[in-house]
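Below, each chain spelled out in residue letters.
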Amino acid sequence: MRKVSLKVAAAVVPLLAVTLSACAGEPSKPGSASSSPSRSADGGGEAPQESPVADPSHAVDMPGKRKGTLHSTDLLILSEDTLPAADVKKIGGLDGVSGVEQISMAQVSVEGRLLKVVAVDPSTYRNFAPFQSADSDEVWERIAGGEVAIDPERQDEIPADKKGFVTLGSSKDATSVHVGAYAPQPPGLASAVVNDKWGKEMGMEKGNALLVSTAAIAPNRVVKPIQKIVGSEASVQRLDVVARAGLDPNAPQQANVVGTVAEAVGNYTYRANGDGTITPASSWVSSHIVTAQVPILGSVTCNKVMIPQLRAALQEVVDRGLAKTIDPKQYAGCYYPRFIANSTQLSNHAFGTALDMNTAGNQRGTVGEMDRTVVAIFERWGFTWGGNWKWTDPMHFEMNRIVKPG
């Protein structure tokens, strides 16, 4: 994948709560010609390239001036699969529905949190964004040009590197996109917005979500008619409730995870319990979570896909004479079906694809005491170490790719 190196400078658009990043240290209008070096996904060599947009390989048609009516975002319909065009048409024709917009939605792991990302058509989705963003041509030109827009309220959760790139995922081949703007998005919807071409590369299910506007009536009046159209497998959520509470407690929740560990997660549906815990579908638990014996730690309850590489990593720790650096009494578990504390965001613990070790000397925000050779062993066996994050979590290891021992 392409990673275009741009220098970031903040530029506040007059009268709008939108911040744009810029090339060459000075604010410049997206879509104007600029010379930007291109960098490969593996951090390889750079070669200068003249381009009218930030990332030509991921650019779509420029949106032009905004057209049509601005819509409220009242309901979100989320499915595992693409929503059929016939269903979208039926929903758009319901009494009280004033507008619909089909998008793609998925969740990516960023420093231990599952964050929502949407892939959109910039020319039409903008009419469902808050007016501060909707009327900024620059924001949608940036997205169309292959950059990402981050909701300012989520900026700290998606840290950009020194060249202005954010990594949407935890694996070594995760999508890395330059930040084009920090622009408000519909409350409760998503942390980041990319165009459809990026969505396809990230592995999102195209058109698996639908925004519904019910400006003339209360959203709850169309929930049942919509649910009847889409069936019980899809989730119909009130975004006004999500904005206040972090999720709609009356709707089943879905985690449509993309990335190299998506195979380990599969179709993950759950309900929130109101006390920070969640209840995944029992069929998912029975097919994905197992209890097994591994070196050093003994009995662990984790995702069955992760067990072989966890066992292999710990066996290598033993073989290299480092077993004493891991204290089994300070093993804090693997599978925990709950939200991250004080949030409605999932971590990889909810999927059984993360574990915490040596808790006493490896607290959040510290460099930790984890043996760095042990860290290297785990990284070789397909794990990300939380000690490398912006807000460190050195007790934490999570699977970032599937590695099958020979």
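Scroll up a little and you will see the structure.
Read on for a plain summary of the structure. (Residues numbered from 1 in each chain as written. Predicted model: local features only at pLDDT ≥ 70, side-chain atom pairs only at ≥ 80, totals over all residues. Heavy atoms only, no water.)

## Some thoughts on the state of the cysteines
Following the criterion strictly, the structure yields 1 disulfide and no others. For Cys302, the disulfide goes to Cys334, at an S-S distance of 2.5 Å. When the S-S torsion is 140°, as for the bridge of Cys302 with Cys334, the disulfide is right-handed. One end of the pair, Cys302, is in strand β19 (residues 298-303); the other, Cys334, is in the loop between α10 (307-319) and β20 (354-356), and 32 residues separate them in sequence. Residue Cys302 shares its accessibility class with Cys334, and that shared class is buried. (Disulfide = S-S within 2.5 Å. Helix = DSSP H or I, 4+ residues; strand = E, 2+ residues; numbered from the N terminus. Buried < 20%, exposed > 50% of the residue type's maximum accessible area, 1.4 Å probe, protein only.)

## Looking at unusual backbone geometry
Phi is positive for Glu111, which is not a glycine, with a value near 50°. Take Glu111: it is sitting in the loop between β7 (99-110) and β8 (113-120). Residue classification places Glu111 among the partly exposed residues on the basis of a relative accessible area of 24%. Backbone geometry at Asn342 places phi at a positive 60°, although glycine is not the residue there. Here Asn342 is to be found in the loop between α10 and β20. On the accessibility criterion, Asn342 (85% relative accessible area) is exposed.

## Section: the sheet that holds β20
Pairing in this open sheet of 3 strands is antiparallel, and the strands run β20-β22-β21 from one edge to the other. Each edge of the open sheet carries a strand with a single partner, namely β20 and β21 (383-385). Here the average twist between neighbouring strands, direction ignored, is 20°. Relative to strand β22 (residues 396-399), β21 runs antiparallel, the two being bridged by 3 bridges. Considered in β22, the bridge of Thr384 is made with Glu398. Relative to the sheet, helix α11 (residues 372-380) contacts β21 and β22, its axis offset from that of β21 by approximately 145°. (Pairing = 2+ DSSP bridges. Axes fitted to C-alpha atoms, helices over the stretch in contact; angles between N-to-C directions. Contact = heavy atoms within 4.5 Å.)

## Some details on the sheet that holds strand β17 (residues 278-280)
Taken together, the 3 strands give an open sheet; going across it, the order is β15-β16-β17, and neighbouring strands pair in antiparallel fashion. Where the open sheet ends on each side, the last strands, each with one partner, are β15 (253-255) and β17. Mean inter-strand twist for the sheet, computed between neighbouring axes without regard to direction, equals 35°. Across 3 bridges, the pairing between strand β16 (residues 268-272) and β17 is antiparallel. When the sheet's bridge partners are listed, Tyr270 is paired in β17 with Pro280.

## Description of the pairing of β7
When you tally the buried positions in β7, you get 10 out of 12 residues, the bulk of the element. Direction of pairing for β7 relative to strand β13 (residues 209-213): antiparallel, over a ladder of 5 bridges. Its bridge partner being in β13, Gly99 is matched across the sheet by Ser213. Sheet analysis places β7 next to β8, joined by 7 bridges and oriented antiparallel.

## Comments concerning the side chain of Ser191
Looking at where Ser191 falls in the secondary structure, it is placed in the loop between β11 (175-182) and β12 (192-195). Ignoring anything within four residues of it in the chain, the contact list for Ser191 reads Leu115, Lys116, Ala149, Ile150, Asp151, Arg154, Glu157 and Ile158.

## Quick look at the packing of helix α1 (residues 85-92) against helix α6 (residues 220-230)
Viewed as axis vectors pointing N to C, α1 and α6 meet at an angle of 165°, and their least axial separation amounts to 10 Å. Of the possible angle classes, the one that applies to α1 and α6 is roughly antiparallel. Classified by chirality, the crossing of α6 by α1 is right-handed. Along its contact with α1, which presents Asp87, Lys90 and Ile91, the element α6 presents Ile226, Ile229 and Val230. Here the residues of the contact of α1 with α6 are counted per class, giving 4 nonpolar, no polar and 2 charged. (Parallel < 35°, antiparallel > 145°, perpendicular 65-115°, else oblique. Left-handed = near helix turned anticlockwise from the far one by under 90°. Nonpolar A, V, L, I, M, F, W, Y, C, P; charged D, E, K, R; others polar.)

Geometric values such as these leave the question of function open.
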